[in-house]
Amino acid sequence: MGCLFKFLTAVFAVLCVTAGKELSSRAAVRKLPEGLLFGAATASYQIEGGWNASDKSPSIWDTFCEIPGKIKDGTSGRDACKSYEYYQRDVEMLKFLGVDFYRFSVSWPRVLPSGFADKVSQDGIEYYSRLVDELLANGIEPSVTLYHWDLPQSLQDLGGWANPLIADWFEDYARVLYDALGDRVKLWITLNEPKQFAIYGYGKDVFAPDINSPGVGDYMAVKNLLMAHARAWHLYDKEYRPKQNGNCGITIASDFAEGISDSPADVEAGNLALDFEIGFYSHPIFSTTGGFPEKLVKRVAERSAAQGFPRSRLPELTKDEIDFIRGTSDFYGFNHYSTRFYSAEDYKSGMFEEPSYDDDVGAVSGRGEYTTAPNGYTTKIPAGIRKALNWIKDSYNSPEIMIFENGYGDYGGVNDPDRIDYYKAYLDAILDAIEVDGCNISRYTAWSLMDNFEWAQGLSVKFGLFEVDYEAEKRTRTAKTSALWYRNLIASRTLDPADNPKYEKIEF
Ligand code: NOJ
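Residues numbered from 1 in each chain as written. Predicted model: local features only at pLDDT ≥ 70, side-chain atom pairs only at ≥ 80, totals over all residues. Heavy atoms only, no water.

Naming follows an unreviewed UniProt entry, where the chain appears as Myrosinase 1-like of Mythimna separata. Quoted verbatim from the Sequence similarities (unreviewed entry) heading of the UniProt record, the comment on the chain is "Belongs to the glycosyl hydrolase 1 family." (UniProt positions renumbered as here; feature names shortened; annotations may be inferred.)

Engineer: Help me understand the site of the ligand, please; the structure alone is not making it clear to me.
Structural biologist: Inspection of the region around the ligand gives Gln46, His148, Trp149, Asn192, Glu193, Tyr337, Glu405, Trp447, Glu454, Trp455 and Phe463 as its neighbouring residues. Glu405 places a side-chain nitrogen or oxygen 2.7 Å from an oxygen atom of the ligand. Here the ligand occupies the largest pocket. Classifying every residue of the shell around the ligand by side-chain character gives 5 nonpolar, 3 polar and 3 charged. (Near = heavy atom within 4 Å. Polar contact = N/O pair within 3.5 Å; in protein donor to acceptor, adjacent residues only side chain to side chain. 1 Å grid on protein atoms, 1.4 Å probe; cavity = no way out; pocket = protein on both sides within 12 Å on 5 of 7 lines; lining within 4 Å. Sits in = over half its atoms within 2 Å of the grid points. Nonpolar A, V, L, I, M, F, W, Y, C, P; charged D, E, K, R; others polar.)

Engineer: Help me out: how do you make sense of empty space enclosed by the protein in this one?
Structural biologist: Regions of empty space are outlined by a rolling probe, equal in size to a water molecule, passed over the atoms. Tallying each qualifying case throughout the model produces 3 cavities of 30 Å³ or more. Its volume calculated, the largest cavity comes out at about 70 Å³. What lines the largest cavity is a set of 14 residues, among which Ile47, Tyr102, Phe104, Tyr127 and Leu131 lie closest to the centre. Residue assignment for the lining of the largest cavity shows that the elements contributing at least two residues are α2 (44-47), α4 (83-97), β3 (101-105) and α6 (122-137). Considered as a void within the structure, the second largest cavity measures approximately 60 Å³ in volume. Lining the second largest cavity are 13 residues, with Ser44, Tyr45, Gly49, Lys56 and Arg110 sitting closest to its centre. Grouping the constituent residues of the lining of the second largest cavity by class yields 3 nonpolar, 5 polar and 5 charged. (Points joined across faces, edges and corners; volume = space filled by probe spheres on them. Helix = DSSP H or I, 4+ residues; strand = E, 2+ residues; numbered from the N terminus.)

Engineer: Honestly, the environment of Leu449 in this entry has me stumped. Any pointers?
Structural biologist: Relative to the assigned elements, Leu449 resides in the loop between β12 (441-447) and β13 (466-468). With a relative accessible area of 0%, Leu449 lands in the buried category. Excluding residues that lie within four positions of it along the chain, Leu449 makes contacts with Ala40, Ala41, Thr42, Asp90, Met93, Leu94, Leu97, Tyr102, Gly464, Leu465 and Phe466. (Buried < 20%, exposed > 50% of the residue type's maximum accessible area, 1.4 Å probe, protein only. Contact = heavy atoms within 4.5 Å.)

Engineer: Help me out: how do you make sense of the environment of Asn397 in this one?
Structural biologist: Topologically, Asn397 is positioned in the loop between α15 (382-395) and β11 (401-405). In sequence terms Asn397 and Leu151 are 246 residues apart; their C-alpha atoms lie 33 Å from each other.

Engineer: Sorry if this is basic, but what is going on with the layout of surface pockets here?
Structural biologist: Space inside the largest pocket adds up to approximately 1000 Å³. As for the largest pocket, its lining consists of 39 residues, and the residues nearest its centre are Gln196, Tyr200, Asp255, Arg367 and Tyr377. When residues of the lining of the largest pocket are traced back to their parent elements, those giving at least two are α9 (194-203), β9 (339-343) and α14 (357-361). For the lining of the largest pocket, the leading source of residues is α9, giving 4 residues. In the lining of the largest pocket, the residues fall into 18 nonpolar, 9 polar and 12 charged. Empty space within the second largest pocket amounts to approximately 220 Å³. Around the second largest pocket, the lining residues are Phe292, Val297, Ala301, Arg311, Ser312, Leu314, Pro315, Glu316, Leu317 and Ile322. Looking at the lining of the second largest pocket residue by residue, the class counts come to 7 nonpolar, 1 polar and 2 charged.

Following this line, the structure appears as structure tokens:
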């Protein structure tokens, strides 16, 4: 009898939890948690233009865009949205949205034309200083990314992220910015999406600097970027935090990965893929042990040996380096767009180039049963963001998570219901992660404030809340319906599934 009672109580408890979970994500209108801040993001090369203004030197993206065939539509970020000239208008748009903060990045070659800190560009620093002042005057907090992929070409000529000395160069660059802006900037993001610039830029030929050294150059960059990040954090922590009182951390592309089926091999493939996608960068910083994920280390060592390498292609982290990197982020910066599903069953040896990152991951990935929306570039899998947030919470003892990017790419148009649907569904899943699962999330950032230069996709793919008219000399911006929706969300502090604003022409 006692046993039966216990059993029934347990069944009842499970039903309640499940019902609660479902109920919460179906609730008609949801209040946004108090204290959750909302923002919008951009990055220097994607919006500024002014590629040779004043004493700015070229970045690796200026160089890369010159190579025929690299950018899908043959465009570049030379002029982009001309924010270097018209930054005040960007602030007006942010004000219109009612955001709490603006995440933007600094162009390293604009501030340090030689790449080194021997000579600081006054014009470069003044540009960012004016932007920071304009934001603060409008009640918007500046959140600054030090590196969003536009490395000075001069440093690339010396190896860029493959040269361990980049840790010195990056620390010097960080110091210049902490000195110039740290009295007013209280939130620093060292690096944006390490995987994207290391693996795609050094292991493949799809991103600048086009090194294409798969499974070798990319892994060198990973170690060096972790050291560089840690140096910038320690510098802030020791010398600047005591007087400036801000926070400093990294933001990591945290798309979710899981097995395409329940077969043990697929589940295992999904777990290993998570280690490669996220853990490669997060484990050294956020885990209690530090260092690269064990299974990843083992896998690369095994593949390297099988390929005849006398040592693993993955550079070792010494005990001192592990200790130096561990714990170097005041928050978990989280960028998320979608989920990929991994199949070990479909994987066949020789499928990928060897050696390579893809071969090391050792599974075939795809979007499973999900298809891209007809007019969309980003696959909508909202359940994935909740899983990714929980994975981070469970793996790293519930760090404070700041969502620094989330958004939907399409091929244009001011009437963008698909984007609104995406934001609603993802925010609903995020609210579940907060309210049902107890994830500690303090910020949400829409990518992006406006359409901009989408790297190898050029101007063809658009993520903006505002449309940008690239034909117009002043790059006129027009609010999309998603901008009106985001504005309502922030003003009402409610997520209302029925809020579908009608388009009205609002230009900046
Ligand atoms: C991540 C990058 O940080 C950003 O620069 C890019 O535009 C978005 N993803 C969309 O692809």
